[in-house]
Amino acid sequence: QKISLSRWIDSFPKFCFAPENNIKVKDSKVFLKSIERLFSKNGYKVNKLDGLTVVGNGMWLNVRASNTEPVVRVSLGAKTKEIFNSQIRLLKRL
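Read on for a plain summary of the structure. (Residues numbered from 1 in each chain as written. Predicted model: local features only at pLDDT ≥ 70, side-chain atom pairs only at ≥ 80, totals over all residues. Heavy atoms only, no water.)

The next point concerns the pattern of salt bridges. A full pass over the atoms with the stated rule returns 4 salt bridges. Ionic pairing is found between Lys-48 and Glu-36, a salt bridge with its closest N-O pair at 3.1 Å. On the criterion of sequence distance, the pair formed by Lys-48 in the loop between strand 2 (45-47) and strand 3 (52-56) and Glu-36 in helix 2 (residues 28-40) is long-range, its members being 12 residues apart. You can call Glu-36 buried: its relative accessible area is 16%. Each of the salt bridges in this network shares a partner with another, and the network as a whole consists of Lys-33, Glu-36 and Lys-48. (Salt bridge = Lys/Arg side-chain N within 4 Å of Asp/Glu carboxyl O. Helix = DSSP H or I, 4+ residues; strand = E, 2+ residues; numbered from the N terminus. Buried < 20%, exposed > 50% of the residue type's maximum accessible area, 1.4 Å probe, protein only.)

A few words now on the pairing of strand 3. In the case of a regular strand, side chains alternate between the two sheet surfaces. Of the two faces of strand 3, the one holding Leu-52, Val-54 and Gly-56 is buried and the one holding Thr-53 and Val-55 is not buried anywhere. Sheet topology note: the strand 2/strand 3 ladder contains 3 bridges and is antiparallel. Considered in strand 3, the bridge of Val-46 is made with Val-54. In textbook terms, the turn of a hairpin is the stretch between consecutive antiparallel strands, and for strand 2 and strand 3 this stretch comprises 4 residues, one of which, Gly-51, has a positive phi near 75°. (Pairing = 2+ DSSP bridges.)

Here we come to the packing of aromatic side chains. All told, the structure shown has 3 aromatic pairs when counted by the stated rule. Relative to Trp-60, the ring of Phe-17 has its centre 5.8 Å away and its plane inclined at 35°; by these criteria the two rings are tilted. Of the two residues, Phe-17 is situated in strand 1 (residues 16-24) and Trp-60 in strand 4 (residues 59-65); the sequence distance between them amounts to 43 residues. (Phe/Tyr/Trp six-rings, centres within 6.5 Å; stacked < 30°, edge-to-face > 60°.)

Glancing now at unusual backbone geometry. The residue Asn-57 is not glycine, and still its phi comes out positive at about 50°. Along the chain, the position of Asn-57 falls in the loop between strand 3 and strand 4. For Asn-57, a relative accessible area of 57% corresponds to the exposed category.

By themselves, these are just geometric observations and shouldn't be taken as functional.
Right, dumping it as structure tokens:
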């Protein structure tokens, strides 16, 4: 069955997404470790292949330390705006 490009795109799951943002931190290793502890103790899947990637409960998060600046690069995606906003609030508390 042939469908239009726009209809095909409309069939994709909808996500809230924040492209990569730089966040200033004093110590990127400490920041990454605190994120790892927080999410792993709450049952999220944590992967350290490219920085730190967290997946679970309708969201994904990737945090990478910069090699040249005192920042971490953060990307966040979620299935709903509510999940997205709750994760933003959580990250702001760290």
